[in-house]
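Summary of the model geometry
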Amino acid sequence: MRMSEILIKNANVCDPAQGINCETMDLCIRDGKIVESVSESAKVIDAAGRLTMAGGFDGHTHSAGKINVGRFMNPNDARRTLVPGLSGPEAMTEKTRAQVGYNTPNTYAIGYRYAKLGYTTICEAAIPMLAARHTHEEFKEIPILDKMGLSLFGSNWQVMEYIRDKEPEKLAAYVAWGLKASRGYGVKIVNAGGGEAWGWGKNVSGLYDPVPNFDVTPAEILMGLAEANEKLQLPHSVHVHCNNLGKPGNYETTIETMKMFEKVKPVVDRQALHVTHVQFNAYAGTSWRDFETGAPMVADYLNGANHLTFDLGQVIFGPAVTMTADGPVEYANSRMLHEKWSNQDIELEDASGVVPLSYSPKSFINAVQWAIGIELALLVEDPWKIMFTTDSPNGGSFVNYPEAFTYLMSAKKREQVISGFGKMALDRMVLPGLDRELSFYELAIMTRSMQSKMYSRPEKGNLKVGSDADVAIYDIITSDIDPSVEHEKVKQAFSGAAYTLKDGKVVVKDGKIEATPMGRTYWVNAKVPADIDSAMNKDTDIKFKKYYTVSKSNYMVEDSYLPNPVEISTEGEF
């Protein structure tokens, strides 16, 4: 088979995983991997000194599954063109399928538009196991990108029963089975116990409320699943959407949750906990009347902790679509904002909801929410703890990432936005007093490098020899630009990569799609002892016969749903 070789000359490489901070060098690619050298016959791409990073990795986004409900509820979203070239209708071309949408784009547009931003890997942050087949059907239709997904376990009947009955080995076996059944990559916990409580029109109000009918608390669910996660030696830690999301005063629950995980000792070289979209969980005050930022308190704790990572959930002003397995919070959103509401009960597994809304700088609450995400990014000193996200499309569409990058890199840009806020908003935030501006190096950490370790994927998020040849070249000469002042140039460059290479193949050139290869789907197959697996299966057999509307034999995602799978095997310690 003929080798495929590329030499990227004069690349201004920013690769924090190797400590390379905007140094000009050549990159060599052979057969989709970064290599030491290539032959003289290699195809040459002249980067001409432009900023070159590994392909971006969005480790928490909503791109398949319940995004369909958002599409149904927002037919007008198909025609929104708020970000030129990255939203709205685009006709089919010789290389691309037709595209529509802004917050809830069609599957093809998701792949094309992430690639235009220089991203090459995404993680769908919430897969209901019962609906996993459809999630993977959508994965198949998202071109270019590598994908993975996190399976929901936080309000699962079998999980709660094993925790209540103190059967940790069966719990670990069930988690392994659930990941295999859903072809998931990791354990997602949303408002632990709250989804089940919502089935009775209730919620849990903190870590120690008993879940109706199961006699377990959210704290016990979190610790039980964390123990199972480590027993199975999974590549990612538990991925937690904290209790009390979206409520004033919730920063205390968030810090309490983070502290609880100090005693968890990861068996893999990664964090013990990932807390997601912390912006929505860093609120101070006792009600919306005295609502204010809780970011300083959360950041103060994070600066002294080394056992966890988090992502931002940055708010973008304009229309968004909230979608989450946190059913009760979506009900609250719909009633408070008088917006449309979709609710779903996922049988024995969880709940979910979808509510479209719009963030306005004229709303002091929305203005403070916008500030909190940025405050977290600037107040937390170590960028290796932070993943940049908007929790797309909850905080706003991913196509706005370049705009959000300018908030982090330019105090002047922030001042422009803040100048439109009212006094009430300004009194409730600390952002105007922050002058920190992130560098390209720090931005590279938050958008690709930290994800490599966080998900235990050493071939992603860096340009080391042996890594996937996923490369983004942006039209930025770092020595000639001041991001603090020239933030519009930075935004423009990140909005359409000069080149995006996926596995060594040029998929974007000058902001245009050149090729649409199929990406991989990563999933985890955790091995457990046969006797424990057999005992667990007897229990789940009963669940399926008594309660599920589908048979167990029809539940598991079949191999045919993953045309390009990457199976990650782990051996549990029992």
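Keep in mind that what you see is a predicted model, and the values were worked out from it rather than measured. (Residues numbered from 1 in each chain as written. Predicted model: local features only at pLDDT ≥ 70, side-chain atom pairs only at ≥ 80, totals over all residues. Heavy atoms only, no water.)

Counting its secondary structure elements, the chain contains 17 helices and 24 strands. The C-alpha atoms of the chain give 23 Å as radius of gyration, which agrees with the globular expectation for 574 residues (25 Å, within 12%). Taken over 574 residues, the chain has a buried fraction of 64%. Here the contacts in the chain between residues at least 6 apart in sequence split such that 78% fall between residues at least 24 apart. In the chain, 59 side chains carry a positive charge and 72 a negative one; their mean positions are 4 Å apart. (Helix = DSSP H or I, 4+ residues; strand = E, 2+ residues; numbered from the N terminus. Rg over C-alpha atoms; globule rule 2.2 N^0.38 Å. Buried < 20%, exposed > 50% of the residue type's maximum accessible area, 1.4 Å probe, protein only. Contact = heavy atoms within 4.5 Å. Lys, Arg positive; Asp, Glu negative; His and termini not counted. Charge placed at Lys NZ, Arg CZ, Asp CG, Glu CD.)

With respect to burial, strand S7 (residues 119–127) is a largely interior element, nine of its nine residues being buried. With four bridges joining them, strand S6 (residues 56–61) and S7 adopt parallel strand pairing. Pairing of Thr61 across the sheet is with Glu124, part of S7. Both S7 and strand S8 (residues 146–152) contribute to a ladder of five bridges, which runs parallel. (Pairing = 2+ DSSP bridges.)

Turning next to the nonpolar core. Grouped together as the largest cluster of nonpolar side chains are 157 residues, with contacts concentrated most on Phe261, Trp370 and Phe494. The greatest single-element share of this core, amounting to 10 residues, is contributed by helix H11 (residues 364–379). Dropping the residues within four chain positions of it, Phe494 is found in contact with Leu51, Met53, Lys116, Leu117, Pro402, Phe405, Phe440, Leu443, Tyr474 and Ile476. (Core = buried A, V, L, I, M, F, W, Y, C linked by side-chain atoms within 4.5 Å.)

Another aspect to go through is the environment of Gly206. Turning to its location among the elements, Gly206 is positioned in the loop between helix H6 (194–198) and helix H7 (218–231). The class of Gly206 is buried, set by a relative accessible area of 11%. With 13 residues separating them in the primary sequence, Gly206 and Gly193 have C-alpha atoms 10.0 Å apart. When residues no more than four places from it in sequence are discounted, the contact partners of Gly206 are Pro218, Asn243 and Asn244.

Attention now moves to the sheet that holds strand S16 (residues 342–346). The three strands are arranged S15-S17-S16 in an open sheet whose pairing can be described as antiparallel. In this open sheet, the two edge strands, each paired with only one partner strand, are strand S15 (318–324) and S16. The mean inter-strand angle of the sheet, taken between neighbouring strand axes irrespective of direction, is 15°. Sheet topology places S16 next to strand S17 (residues 350–359); five bridges connect them, and they run antiparallel. Considered in S17, the bridge of Asp345 is made with Ala351. Contacts between helix H10 (residues 327–337) and the sheet are confined to S15 and S17, with S17 contributing the most and set at about 30° to the helix. (Axes fitted to C-alpha atoms, helices over the stretch in contact; angles between N-to-C directions.)

Here the focus is the side chain of Gln99. Locating Gln99 in the fold gives a position in the loop between helix H1 (67–73) and helix H2 (107–116). Within the structure, Gln99 has its side chain in polar contact with the side chain of Arg113 (distance 3.4 Å). For Gln99, the contacting residues outside a window of four places in its chain are Gly88, Pro89, Glu90, Asn106, Ala109, Tyr112 and Arg113. (Polar contact = N/O pair within 3.5 Å; in protein donor to acceptor, adjacent residues only side chain to side chain.)

Before going further, it helps to spend a moment on the side chain of Asp391. The residue Asp391 is located in the loop between strand S18 (386–387) and helix H12 (401–409) in this model. Buried charge Asp391 goes without a salt bridge, the closest partner of opposite sign being Lys188 at 6.7 Å. Those residues in contact with Asp391 that sit more than four places away from it in its chain are His60, His62, His277, Phe280 and Gly313. (Salt bridge = Lys/Arg side-chain N within 4 Å of Asp/Glu carboxyl O.)

Here the focus is the pairing of strand S21 (residues 505–509). Looking down a regular strand, the side chains alternate between one sheet face and the other. Bridge analysis of strand S20 (residues 499–502) against S21 gives four bridges, and the strand direction is antiparallel. Each bridged residue has a counterpart across the sheet, and for Lys502 the counterpart in S21 is Lys505. The sheet contact formed by S21 and strand S22 (residues 512–513) spans two bridges and is antiparallel. Along S22, the bridge assignment pairs Val508 with Ile513. In this antiparallel pair of consecutive strands, S21 and S22, the connection spans two residues, and Asp510 shows a positive phi of 50°.

Moving on: the packing of H12 against helix H13 (residues 411–418). Packing of H12 against H13 brings their axes to within 6 Å, and their N-to-C directions diverge by 110°. Regarding the angle of H12 to H13, the classification is roughly perpendicular. Together, Glu403, Thr406, Tyr407, Leu408 and Met409 of H12 and Ala411, Lys413, Arg414 and Val417 of H13 make up the contact between the two elements. When grouped by side-chain class, the residues that make up the contact of H12 with H13 number five nonpolar, one polar and three charged. (Parallel < 35°, antiparallel > 145°, perpendicular 65-115°, else oblique. Nonpolar A, V, L, I, M, F, W, Y, C, P; charged D, E, K, R; others polar.)

It is worth spelling out helix H16 (residues 487–495) at this point. Within H16 the residues assigned to the buried category are His487, Val490, Ala493 and Phe494. The buried side chains of H16 occupy one side of the element, clustering within an arc of 125° when seen end-on. Across H16 from its buried face, at more than 90 degrees, point the exposed residues Lys489 and Gln492. Buried residues belonging to H16 abut strand S5 (51–54), H2, H12, H13, helix H15 (440–454) and strand S19 (471–474). (Arc of directions from axis to C-beta.)

Another aspect to go through is the packing of aromatic side chains. Inspection of the entire model under this criterion finds 30 aromatic pairs. Centroid distance Phe317 to Phe421: 6.0 Å. Interplanar angle 75°. Geometry classified as edge-to-face. Separated by 104 residues along the polypeptide, Phe317 in the loop between strand S14 (308–311) and S15 and Phe421 in the loop between H13 and helix H14 (423–426) bring together distant segments of the chain. Accessibility expressed as a relative area gives 8% for Phe421, which makes it buried. (Phe/Tyr/Trp six-rings, centres within 6.5 Å; stacked < 30°, edge-to-face > 60°.)

This part takes up the packing of H12 against H15. Contact pair H12 / H15: the axes reach a minimum separation of 11 Å and the direction vectors enclose 130°. Here H12 is positioned oblique relative to H15, judged by the angle of their axes. Pair H12 / H15 crosses with right-handed handedness. Of the residues in H15, those in contact with Phe405, Leu408 and Met409 of H12 are Phe440, Leu443, Met446 and Thr447. Class assignment for the residues of the contact of H12 with H15 results in six nonpolar, one polar and no charged. (Left-handed = near helix turned anticlockwise from the far one by under 90°.)

All right, on to the pattern of salt bridges then. Taken as a whole, this structure holds 31 salt bridges when the rule is applied. In the salt-bridge network here, residues are joined through shared partners; they are Lys33, Asp146, Lys460, Asp468, Asp470, Lys502, Asp503 and Arg520.

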